[in-house]
Every structure is written in C-alpha cells, then in structure tokens.
Amino acid sequence: MEKTKLGITVGALGAITCFSGLFAGYLVTIVLAGYVLLFEEDAWLKRTCVKAVATLAFFSVILELIGLVPEAFSFLYDVASVFDGVVSFGKLNQIISVLTSAIGIIKTIVFLALGFKALKKQTVIIPAVDTLVSKIMD
C-alpha cells in the first residue's frame, strides 16, 4: 500500500479528507486539501481532496440557491405589507424546509460514500463536481 508523508495510507488520508467535509466543515477540509496539494505526490489523493472541497461547495451553493426563494418571497411580503396587502407563503416555507432536509440527507450519504470508497482508493461519480474537478486538475 502506498503511504503518505504522514505515514498513513493514501486511501486513509483521502477518506479523512472526505469525512472532514461531513463532520468538520470547510476549515479542516481545506487545510487537509491544502496539505495534500502542497506536500503529497499521489495524483489520486490530490484529485480526491479537491473533489471533497468542491463537493462541499456544491452542496453549499445548492442550499443557498434554495434559501433565496423564501428570501425573495419575504421581500414580496414586505412590499405588500407597505401597501396594506396580505400575502401568505406558509406552504412554500414547508416545501423549502423539506427540500433543505432532503439535500442534507443526500449530502450525508454522498460524503459517507466518498469516504468509504476512498478507503479502497476508489471514488463516487458526481457528474457536476467531477466536471469541475477535471477543469481544475487537468
């Protein structure tokens, strides 16, 4: 098995980086990816670490885009209230909440799959993220 300069296997460091995306967030994931990009030689490991950061950013962008919908309707509500109008978006907020929860579940599953696959030095194909990583890495 290939070892990193830290003395652990390449797959283990890839898995740690993927799991950090799920459990530790941006700071730890970016620090680990930065270390790998600067000091490690393995191309698969570099690609995996960049993919972990890109996947984390992908889910954040999706959640922010969904979060724009209630903000836009809140703006409309505020405008309507200026003119003594009444607007209700109760069901919309419930739908947004369901979507946010579903994306959270998908994010957890994706990062767990990335981490466990990385232990075997494999990956999970995520078309949008893989396209971005290929543009960055190639």
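Look above for the structure.
Let us look at the structure shown here. (Residues numbered from 1 in each chain as written. Predicted model: local features only at pLDDT ≥ 70, side-chain atom pairs only at ≥ 80, totals over all residues. Heavy atoms only, no water.)

**Quick word on the overall build of the chain**
- When helices and strands are counted, the chain shows 5 helices and 0 strands.
- In the chain, the order of α-helices and β-strands from amino to carboxyl end is α-α-α-α-α.
- Taking 138 residues into account, the globule formula puts the C-alpha radius of gyration at 14 Å, and the chain, at 20 Å, lies well above it.
- Judged by the C-alpha coordinates and their principal axes, the chain covers about 70 × 25 × 25 Å.
- Within the span of the chain, comprising 138 residues, buried residues form 33% of the whole.
- In the chain, the proportion of contacts linking residues at least 24 apart, taken out of those at least 6 apart, comes to 68%.
- Surface exposure of the chain reaches about 8400 Å², of which carbon and sulfur atoms provide 71%.
- Computing the positive centroid from 11 side-chain charges and the negative centroid from 10, the chain places the two 12 Å apart. (Helix = DSSP H or I, 4+ residues; strand = E, 2+ residues; numbered from the N terminus. Rg over C-alpha atoms; globule rule 2.2 N^0.38 Å. Buried < 20%, exposed > 50% of the residue type's maximum accessible area, 1.4 Å probe, protein only. Contact = heavy atoms within 4.5 Å. Areas by Shrake-Rupley, 256 points an atom, 1.4 Å probe, with all protein chains shown as cover. Lys, Arg positive; Asp, Glu negative; His and termini not counted. Charge placed at Lys NZ, Arg CZ, Asp CG, Glu CD.)

**Some details on the nonpolar core**
- The biggest cluster of nonpolar side chains holds 16 residues, and the ones touching the most others in it are Phe-59, Val-110, Phe-111, Leu-114, Ile-126, Val-129 and Val-133.
- It is helix α3 (residues 43–82) that provides the largest number of residues to this core, a total of 6 residues.
- Contacts of Val-110, omitting those with residues within four sequence positions, involve Thr-55, Phe-59 and Ile-126. (Core = buried A, V, L, I, M, F, W, Y, C linked by side-chain atoms within 4.5 Å.)

**Let's talk about the side chain of Ser-20**
- With respect to the helices, strands and loops of the structure, Ser-20 is situated in helix α1 (residues 10–23).
- Beyond its immediate sequence surroundings of up to four residues, Ser-20 is in contact with Gly-25, Val-28, Thr-29 and Leu-32.

**A short note on unusual backbone geometry**
- A positive phi angle is found at Lys-121, which is not glycine, with a value near 60°.
- Looking at the secondary structure, you find Lys-121 in the loop between α4 (90–119) and α5 (127–137).

**A look at the pattern of salt bridges**
- For the structure on display, the rule yields 4 salt bridges.
- The salt bridge involving Glu-2 is made with Lys-121; its shortest N-O contact spans 2.5 Å. Note that Glu-2 is positioned in the segment before α1 and Lys-121 in the loop between α4 and α5, a separation of 119 residues in sequence.
- A salt bridge links Asp-138 to Arg-47, with the shortest nitrogen-to-oxygen separation between them at 3.8 Å. With Asp-138 in the segment after α5 and Arg-47 in helix α3, this pair connects stretches of sequence that are 91 residues apart.
- Bridged by salt links that share partners, the residues Glu-2, Asp-42 and Lys-121 form one connected network. (Salt bridge = Lys/Arg side-chain N within 4 Å of Asp/Glu carboxyl O.)

**Section: the environment of Ala-43**
- Checked against the element boundaries, Ala-43 lands in helix α3.
- Relative accessible area serves as the criterion here: at 58%, Ala-43 is assigned to the exposed category.
- Sequence separation between Ala-43 and Met-137 is 94 residues, and the spatial gap between their C-alpha atoms is 9.4 Å.

The analysis is restricted to geometry; functional conclusions fall outside its scope.
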